[in-house]
Amino acid sequence: VSALGKLLGYRVIVLDDRAEFADPARFPDADEVQCTDFTAALRSYDWKRFPDTSVVIVTRGHVADTSCLREVVRRELPYIGMIGSRKKNHAVFDLLRSEGVTETQLAKVHAPIGLPIGGRTPEEIAVSIAAELVQTRQKDAKTVFSKAMLDALLDESCTGGIMATIVRKSGSAPRGVGARMLLLPNGEMRGTIGGGLAEHQAIQTMRELLLAPRPLLTHINMANGEAGKSGLICGGTVEVLFEVVD
């Protein structure tokens, strides 16, 4: 789950209260690995600063799962998931009901966790969890800007940049209308319009526009070039609007 979460663009924090498991070497993709008490960590987390945090509860047992869920279930979070059988989850829910947790709050919890794709191995279950995170993120998206992009735009030290936005799509393309990518003056990128040929051409255009800033609308045909002739990429087209970030 940690590796897939990072691949999907999340900032990943792994918590475990056992030192032998809370080892950064076990989670090379994670941004943070903390050996800490679950309750203490969740209570001290900066929820006001990071209200869009998703929580995946996959601890070693029912007691720890319950403790984690108790700390987050009353919060307005985009995703809360808890691993476990239906029987176990019902028992946890009944306990929290007795503590005053409402049906509306419990209804937000994805338990059993993950989309029902028939996963049995840890890897397959991780894929089902990641798929559910994506499904929830797309369904509940309230902004076309990722958090990383918003942070860059709101950073007072940011002195401009170039924003690329897909405004029209035809045929097969990795991302749809509204996908955005930001090039900062220092050369760093935020967001994606799908990778591959379209993104490569867009990045080249953005670098040129950093030197001579102006708005631009361009048409990218992903069937062009040697890759397209070999059938290695999708054959759709996109129109990309480039805007100067003031």
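Right above here is the structure, for reference.
Now for a description of the structure that goes with this document.

## Structural notes on the overall build of the protein
The secondary structure content of the protein amounts to nine helices and ten strands. Across the protein, the fraction of contacts at a sequence separation of at least 24, relative to all contacts at a separation of at least 6, is 52%. With an accessible surface of roughly 14300 Å², the protein has 53% of that area assigned to carbon and sulfur atoms.

## Some thoughts on the nonpolar core
Note that soluble globular proteins tend to have their nonpolar side chains buried in a common cluster. With 19 residues, the main nonpolar core has I57, L69, V72, I80, M82 and V109 as its most contacted residues. Top element by residues in this core is helix 3 (residues 62-72). It accounts for four residues. With 17 residues, the next largest nonpolar core counts M181, A202, V238 and F242 among its residues.

## With respect to the sheet that holds strand 7 (residues 180-183)
Pairing within the open sheet is antiparallel, and its five strands lie in the order 8-7-6-10-9. What marks the edges here is a single partner per strand, and that holds for strand 8 (189-191) and strand 9 (216-221). The average undirected angle you get between the axes of adjacent strands in this sheet is 25 degrees. Pairing geometry for strand 7 and strand 8, over three bridges, is antiparallel. For L182, the partnering residue across the bridge sits in strand 8 and is R190. On the sheet, helix 7 (residues 147-154) packs against strand 6 (161-170), strand 7, strand 8 and strand 10 (237-245) and is oriented at approximately 40 degrees with respect to strand 7. Where helix 8 (residues 196-211) meets the sheet, its contacts fall on strand 6, strand 7, strand 8, strand 9 and strand 10, and the angle it forms with strand 7 comes to roughly 40 degrees.

## Digging into the packing of helix 3 against helix 4 (residues 86-98)
Close contact between helix 3 and helix 4 brings their axes to 11 Å; oriented N to C, the two are set at 45 degrees. Taken together, the axes of helix 3 and helix 4 lie oblique to each other. For the pair helix 3 and helix 4, the crossing hand works out as right-handed. Of helix 4, the residues touching helix 3 (which contributes H62, D65, T66, L69 and R70) are K88, V92, F93, L95 and L96.

## A few points about the pairing of strand 3 (residues 54-57)
Going residue by residue along strand 3, you find V55 and I57 tucked away on one face and S54 and V56 left uncovered on the opposite face. Judged from the four bridges that link them, strand 3 and strand 4 (residues 79-82) form a sheet pairing that is parallel. Bridge assignment links I57 to a residue of strand 4, and that residue is M82. Handedness of the β-α-β unit built from strand 3, helix 3 and strand 4 comes out right-handed.

## Comments concerning helix 4
For helix 4, which comprises 13 residues, the first-to-last C-alpha distance of 18 Å matches the rise-based estimate of 18 Å (1.5 Å per residue) to within 8%. Buried residues of helix 4: K88, N89, V92, F93 and L96, and no others. The arc enclosing the buried residues of helix 4, seen along the axis, measures out at 135 degrees, which places them on a common side. What points out from helix 4, more than 90 degrees from its buried face, is the exposed set K87, H90 and S98. Its buried side turned inward, helix 4 meets helix 3, strand 4, helix 5 (103-107) and strand 5 (109-110). Backbone geometry just downstream of helix 4 places G100 in the positive-phi region, at approximately 100 degrees.

The rules behind the values
- Each chain carries its own residue numbering, running from 1 in the written order of its sequence.
- Since the coordinates come from a predicted model, pLDDT governs what is reported: local features require at least 70, and pairs of side-chain atoms require 80 or more to be given and counted, while whole-chain, interface and lining totals use all residues.
- Excluding hydrogens and water, the side-chain values take into account all heavy atoms of the structure.
- The numbering of helices and of strands both runs from the N terminus, where a helix is a DSSP run of H or I of at least 4 residues and a strand a run of E of at least 2.
- Contacts between residues were defined by any pair of non-hydrogen atoms, one from each residue, lying within 4.5 Å.
- Using a 1.4 Å probe, the Shrake-Rupley method yields the accessible areas, and only the shown protein chains count as cover for residues.
- The nonpolar core is taken to be a set of buried Ala, Val, Leu, Ile, Met, Phe, Trp, Tyr and Cys residues, with the residues joined through side-chain atoms within 4.5 Å.
- Burial classes follow relative accessibility: with a 1.4 Å probe on protein chains only, a residue under 20% of its type's maximum area counts as buried, one over 50% as exposed, and anything between as partly exposed.
- DSSP bridges decide pairing: two strands pair if at least two such bridges lie between them.
- Here the axes come from fitting lines to C-alpha atoms, over the contacting stretch only for helices, and the angles between their N-to-C directions go from 0 to 180 degrees.
- In this scheme, roughly parallel covers angles under 35 degrees and roughly antiparallel covers those over 145, while 65 to 115 is roughly perpendicular and the rest are oblique.
- Here a crossing is called left-handed whenever its near helix is offset anticlockwise from the far helix by less than a right angle, and right-handed whenever the offset is clockwise.
- With the strands aimed away from the viewer, a crossover counts as right-handed if its path from the first strand over the helix to the second runs clockwise.
- Here the expected span of a helix is defined as 1.5 Å times the quantity of residues minus one.
- To be clear, the arc concerns the directions from the helix axis to the C-beta atoms.

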